[in-house]
Structure formats: C-alpha cells, structure tokens
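The lines below spell out each chain.
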Amino acid sequence: MSFANLKRNRDQISKLVQAAEATGGGEKKNYDDERIWKPTVDKAGNGYAVLRFLPANEGSELPWVRYWDHGFKGPTGQWYIENSLTSIGQSDPVGELNSRLWNSGHEEDKETARKQKRRLHYVVNALVVQDPGNPANEGRVVLYKFGKKIFDKIMDVMQPSFADETPVNPFDFWDGADFKLKIRQVEGYRNYDKSEFASASALYDGDDDKLEGVYNQLHSLNEFTDPKNYKTYDELATKLARVLGENVTSIGAPTMAQTAQVNEPAPAPMVNEPVTAEEMNMVSEEDDTMSYFAKLAQED
C-alpha cells in the first residue's frame, strides 16, 4: 500500500478494535536489535518520553503484532526464556505443563504454574517525539515493545467509556495523538498508570512530505508472525526438560504434587547458561493475567 493509498484508506477504529481480540504474533529474538527503542529511567526508576504510534505499512494488516513468551528459572539454576508457540496458534510444552499443574487441585502446583505463566507483549512502529534520557533518539522511527497495560490505554482511546469522549485512532497520521509515556517504580515494578494520550492532532501538522518520509521508514512487522522464527515443539520440550532437570518424556507425566511422595530430590544446580541483560529485563516486564489458566481449567 502506497502512502497515497494509506491517506485515502485509513484504518477505521472499529476495524482495529475488532482485530484486537483476534490478532497473534511472535518475536524474532535479537537482543542487539537497534530498531527496538527502550525508555531511559533514572536511579529512582522514573522515566518520561513522548511517542507517536504509527500506522500499518505495506504488507501488514494491523499496526501491531502480539505474542507471548515464558521467562522463569528452574530448579537446576538455568533459565527458560523462550517465545510461546501459542503466539502462532500451536501447542506449547510450557502451556501444556502449566495446564496440568493448574488443574491438579494442589495449590503448590498452581503456584508453580503462576511462576511459569506466559507473558503478553505487543510490538508497534513508533516515532520518538521526545526522549529526554537519550535525545539522539528523537525523530527516529523505532519498534516499541510493551505489555497489556499500555495496550489497554490504546483501546481506551479507540473505544472511550463516556459519551463526551471522542474515539481516537492513535495510529493515524492525521487524527492520531502523541502518547506520553510516564514510568514510575512502584513496589519494585515498573508502573505505567500515569501514561496518557495528548489531544488529537496531525503529526508534523499534516505535512505530506514529512509524513511520507516517516511512512517510508516503517519497519516490517511480518517477521514477528513468521513461524520460522520460533523453535519447534520438540526443541522447546528439550529445553524445558533441561531447565527443570527432568527427562523429556517426563514433561507429560503427572504433576509434581501428584507424585511428591516418590520424587527424587531436586538435582544440584548446574552452571547457568549466559543470561543477557535483555533477558533479565524480560522477566520483570508486564504479563497477562491468570485468566489464561482459568481458561485452560475450563477447557480441560
């Protein structure tokens, strides 16, 4: 789709709202990806930036992709940090294990499932309008990854709750709105509750030349939904077994609480695999709620 076609056939808010419930995606792991922007926070954990979320480019139906991952440390001392195959509509070994744990009827199994639960992420194209922590980023078109809290704010402006509020498509060049990202550290976790959208306004005052320049810099999101960027079920099951200190065949066995009376002691911790700073950040990012496991329980 050309820039001219984008201007004529801009995404309707209703289309985006409907798609929000049905979209899925994945992430190609690249911890040195310079396209991905991250906010800078001070020593107290506070940060501020202004972003403009950008429309879908040619070859993408929506301006975002969605995926899930798991990040937890096993009894061996090793980490399991992998994308979930549920992102692309396939069965995932951690999801299946968590379902059995959740449905076992034992609270200790539920607690293990909570620690291993999948986490929800979104990826969009964004223009960095202000970045006080790193002004060199200003004016860049970047990929921005975030969790459910920020996506809820996007949905709130697309389908407001009150009659005196006008719906806004925050991904629109002409009728969208800047997003003021406000980060606080609350009880040891990043909090985005004070983040908000500014009033609707045209980016660059609607200057077509500048807008087309931004449009031509959009990054493709297709790679995030490409199954080739995911490990196979067998590869993930092998990794999971190694992290848990079990045989691959035992991943499908009865839950730990059900066999606690005959379990061998946990294996001695192994030397940890290298864990990057990016992976550690992923462990503490926003995730989806326990409704995922409630759904699994209903399906069982």
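For the structure given in this document, a descriptive report is provided here. (Residues numbered from 1 in each chain as written. Predicted model: local features only at pLDDT ≥ 70, side-chain atom pairs only at ≥ 80, totals over all residues. Heavy atoms only, no water.)

**Notes on the overall build of the chain**
Basically, it comes down to this: Where helices and strands are cited, they refer to DSSP runs of H or I of at least four residues and of E of at least two residues respectively, numbered from the N terminus. Exposure is judged per residue with a 1.4 Å probe applied to protein chains only, and the accessible area is read against the type maximum: over 50% gives exposed, under 20% gives buried, and values in between give partly exposed.
Summing up its helical and strand segments, the chain has nine helices and nine strands in all. In the chain, buried positions account for 45% of the 300 residues.

**What about unusual backbone geometry?**
Phi angles above zero are rare outside glycine, and glutamate 187 is one such case at about 55°. The residue glutamate 187 is located in the loop between β7 (179–186) and β8 (189–191) in this model. With a phi close to 55°, aspartate 205 is a non-glycine residue in the positive phi region. The exposure class assigned to aspartate 205 is exposed, which follows from its relative accessible area of 79%.

**Structural notes on the pattern of salt bridges**
Definition in use: A pairing counts as a salt bridge when a side-chain nitrogen of Lys or Arg comes within 4 Å of a carboxyl oxygen of Asp or Glu.
Going through the model one piece at a time under the given rule, you end up with 12 salt bridges. Put simply, arginine 35 and glutamate 223 hold a salt bridge, and the shortest N to O gap is 3.0 Å. In this pair, arginine 35 sits in the loop between α2 (13–20) and β1 (36–37) while glutamate 223 sits in the loop between α6 (208–215) and α7 (233–244), placing the two residues 188 residues apart along the sequence. Taking relative accessible area as the criterion, arginine 35 reaches 22% and is therefore assigned partly exposed. Relative accessible area serves as the criterion here: at 22%, glutamate 223 is assigned to the partly exposed category.

**A look at the pairing of strand β3 (residues 64–73)**
Here is the rule we go by: By this definition, two strands are paired if DSSP reports at least two bridges between them.
Taking burial as the measure, the 10 residues of β3 include nine buried ones, the bulk of the element. Sheet topology places β3 next to strand β4 (residues 79–83); five bridges connect them, and they run antiparallel. Paired with phenylalanine 72 across the bridge in β4 is tyrosine 80. Remark: five residues form the turn of the hairpin made by β3 and β4, two consecutive strands paired antiparallel; glycine 77 in that turn has positive phi of roughly 90°.

**A short note on the packing of helix α3 (residues 93–102) against helix α4 (residues 107–115)**
Quick note on the threshold: Axis geometry follows a simple rule: fit a line to the C-alpha atoms, using only the stretch in contact for helices, then measure angles between N-to-C directions, giving values from 0 to 180 degrees. Working rule for angles: under 35 degrees goes down as roughly parallel, over 145 as roughly antiparallel, 65 to 115 as roughly perpendicular, anything else as oblique. Each crossing gets its hand from how the near helix is turned against the far one by less than a right angle, where anticlockwise is left-handed and clockwise is right-handed. Two residues form a contact once any of their heavy atoms are found within 4.5 Å. Note on residue categories: nonpolar means Ala, Val, Leu, Ile, Met, Phe, Trp, Tyr, Cys or Pro, charged means Asp, Glu, Lys or Arg, and polar means any other residue, Gly included.
Packing of α3 against α4 leaves a shortest axis separation of 8 Å and a crossing angle of 150°. As judged from the angle between their axes, α3 and α4 are roughly antiparallel. As for the relative orientation of α3 and α4, their crossing is left-handed in sense. Residue-level inspection shows Asn98, Leu101 and Trp102 of α3 in contact with α4, the latter providing Asp109, Lys110, Thr112, Ala113 and Arg114. Among the residues forming the contact of α3 with α4, the class breakdown is three nonpolar, two polar and three charged.

**Some points on the packing of aromatic side chains**
To be explicit about the condition: In this scheme Phe, Tyr and Trp rings, the latter by its six-membered ring, pair at centre separations within 6.5 Å, and the angle between planes marks the pair as stacked below 30 degrees, edge-to-face above 60, and tilted otherwise.
Tallied over the full model, the rule gives 13 aromatic pairs. On the basis of an interplanar angle of 65° and a centroid distance of 5.4 Å, the ring pair of tryptophan 37 and tyrosine 144 is categorised as edge-to-face. One end of the pair, tryptophan 37, is in strand β1; the other, tyrosine 144, is in strand β6 (residues 141–146), with 107 residues separating them in the sequence. Measuring from centroid to centroid gives 6.0 Å for phenylalanine 53 and phenylalanine 146, while their planes differ by 25°, and the two rings are stacked. Within this pair, whereas phenylalanine 53 is found in strand β2 (residues 47–53), its partner phenylalanine 146 is found in strand β6, the two being separated by 93 residues in sequence. Each member of the pair, phenylalanine 53 as well as phenylalanine 146, carries the same accessibility label: buried. Taken together, Trp37, Phe53, Trp64, Tyr122, Tyr144, Phe146, Phe151, Phe171, Phe179 and Phe197 form an aromatic cluster joined through their ring pairs.

**Some thoughts on a negative patch on the surface**
Short version of the rule: Patch members must show over 30% relative accessible area and no salt bridge, and they are joined within 9 Å when carrying like charges or within 5 Å when they are nonpolar side chains of Val, Leu, Ile, Met, Phe, Trp or Tyr. For every accessible area listed, the method is Shrake-Rupley and the probe measures 1.4 Å; residues are considered covered only by the protein chains on display. We score Asp and Glu as negative and Lys and Arg as positive, and we do not count His or the chain ends. In this description, the location of a charge corresponds to atom NZ of lysine, CZ of arginine, CG of aspartate or CD of glutamate.
A contiguous patch of negative charge, built from Asp205, Asp207, Asp209 and Glu212, is present on the exposed surface. Judged by its relative accessible area of 32%, aspartate 207 falls in the partly exposed class.

**Focus on the nonpolar core**
To keep it simple, the criterion reads: Side-chain atoms within 4.5 Å link the members of a nonpolar core, which is a set of buried Ala, Val, Leu, Ile, Met, Phe, Trp, Tyr and Cys residues.
If you look at the biggest cluster of nonpolar residues, it comprises 32 residues, and the most contacted ones within it are Trp37, Phe53, Trp64, Tyr144, Phe146, Ile154 and Leu181. Each residue touching tyrosine 144, except ones within four places of it in the same chain, is listed here: Trp37, Pro39, Leu51, Phe53, Tyr122, Val123, Val124, Ala126, Ile150 and Leu181. Core analysis: the second largest hydrophobic core is formed by 20 residues, Val65, Phe72, Tyr80 and Leu85 among them.

**Quick notes on the packing of α3 against α7**
Running from N to C, α3 and α7 cross one another at 55°; their axes reach a closest spacing of 9 Å. For the element pair α3 / α7, the angle class is oblique. Contact with α3, carried on its side by Pro93, Val94, Glu96 and Leu97, involves Tyr233, Leu236, Ala237, Leu240 and Leu244 of α7 and no other residues of that element. A breakdown of the residues in the contact of α3 with α7 according to their chemical character gives eight nonpolar, no polar and one charged.

Function cannot be inferred from these measures alone, as they are strictly geometric.
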